[in-house]
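What follows is the residue order along each chain.
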Amino acid sequence: MATDTHDHPIHTYPVRVYYEDTDMGGVVYHANYLKFIERARSDYVRQLGNDQNAMRDAGIVWVVRRIEADYLTTAKFEDELTVETEVVSLSGVRLTMGQLIKRGETEIFRATVTAVCMNALGKPVRLPAEIRALL
């Protein structure tokens, strides 16, 4: 059974849009929003105390299982964005996070990301208890 987890404040992560992030039209290329939210998720779990290198050394890695994304408007070269990340639900086998990219108060991109843990053989495993405790 998933549990609602609102014990942690919303994590914010700043992103500046560089030329390399844009397409021929001068707007952020759609796949780069996924990179922005990945960096924010990694920063969030690191700040909570989840050492992903230690996890990998123990034979467990985080894997994105599902992303549901909505592109709301465009971001452009030199924009200063903020990625907001929060835990939506947590169960023994999956973590679901809500992520929002904003420029000021304008919502640019919204995603719901479900992640699971896998072992070195590529098989799903339960989230370690110490990780569930952090979240």
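Calculation rules
- Residues numbered from 1 in each chain as written.
- Predicted model: local features only at pLDDT ≥ 70, side-chain atom pairs only at ≥ 80, totals over all residues.
- Heavy atoms only, no water.
- Helix = DSSP H or I, 4+ residues; strand = E, 2+ residues; numbered from the N terminus.
- Expected span 1.5 Å × (residues − 1).
- Buried < 20%, exposed > 50% of the residue type's maximum accessible area, 1.4 Å probe, protein only.
- Core = buried A, V, L, I, M, F, W, Y, C linked by side-chain atoms within 4.5 Å.
- Contact = heavy atoms within 4.5 Å.
- Pairing = 2+ DSSP bridges.
- Phe/Tyr/Trp six-rings, centres within 6.5 Å; stacked < 30°, edge-to-face > 60°.

As a further point, take helix α1 (residues 30-48). Three- or four-residue spacings in an α-helix give side chains the same orientation, since the helix completes a turn every 3.6 residues. The terminal C-alpha atoms of α1 lie 29 Å apart, and with 19 residues this matches the ideal 27 Å at 1.5 Å per residue to within 8%. The complete set of buried residues in α1 reads N32, Y33, F36, I37, A40, R41, S42, D43, Y44, V45 and L48. Taken from the residues just after α1, G49 is the one with a positive phi, measuring 110°.

Looking now at the nonpolar core. Considering soluble globular proteins, one finds that nonpolar side chains tend to be buried as a cluster. Y33, F36, L81 and I101 are the most contacted members of the largest nonpolar core, which has 15 residues in total. Secondary structure elements with two or more residues in this core: α1, β4 (80-90) and β6 (106-119). Not counting residues up to four positions away in its chain, the partners in contact with I101 are Y33, F36, I37, L81, T82, V83, T106, E107, I108 and F109.

So, on to the pairing of strand β5 (residues 94-103). Most of β5 is tucked away, with eight of its ten residues classed as buried. The hairpin formed by β4 and β5 contains three residues between the paired strands. Examined bridge by bridge, β5 and β6 share ten bridges and lie antiparallel to one another. What sits directly across from K102, in β6, is E107. Between β5 and β6, which pair antiparallel one after the other, the connecting turn spans two residues, and G104 there sits at a positive phi close to 65°.

The geometry of an aromatic ring pair is captured by the separation of the ring centres together with the interplanar angle, meaning the angle of the planes. In this structure the tally under the stated criterion is five aromatic pairs. Between Y19 and F77 the ring centres are 6.1 Å apart and the planes differ by 90°, which places this aromatic pair in the edge-to-face class. Of this pair, Y19 sits in the loop between β2 (11-16) and α1 while F77 sits in the loop between β3 (60-71) and β4, placing them 58 residues apart in sequence. Pairing Y33 with F109 gives two aromatic rings, centres 5.2 Å apart and planes at 10°, and the pair type is stacked. Of the two residues, Y33 is situated in helix α1 and F109 in strand β6; the sequence distance between them amounts to 76 residues. Through pairs of rings, three or more aromatic residues link up here, namely Y33, F36, Y71 and F109.

Here we take up unusual backbone geometry. The phi dihedral of E78 is positive, around 75°, even though this residue is not glycine. Along the chain, E78 turns up in the loop between β3 and β4. Overall, the relative accessible area of 42% leaves E78 in the partly exposed class.

All quantities given are derived from atomic positions and should not be read as evidence of function.
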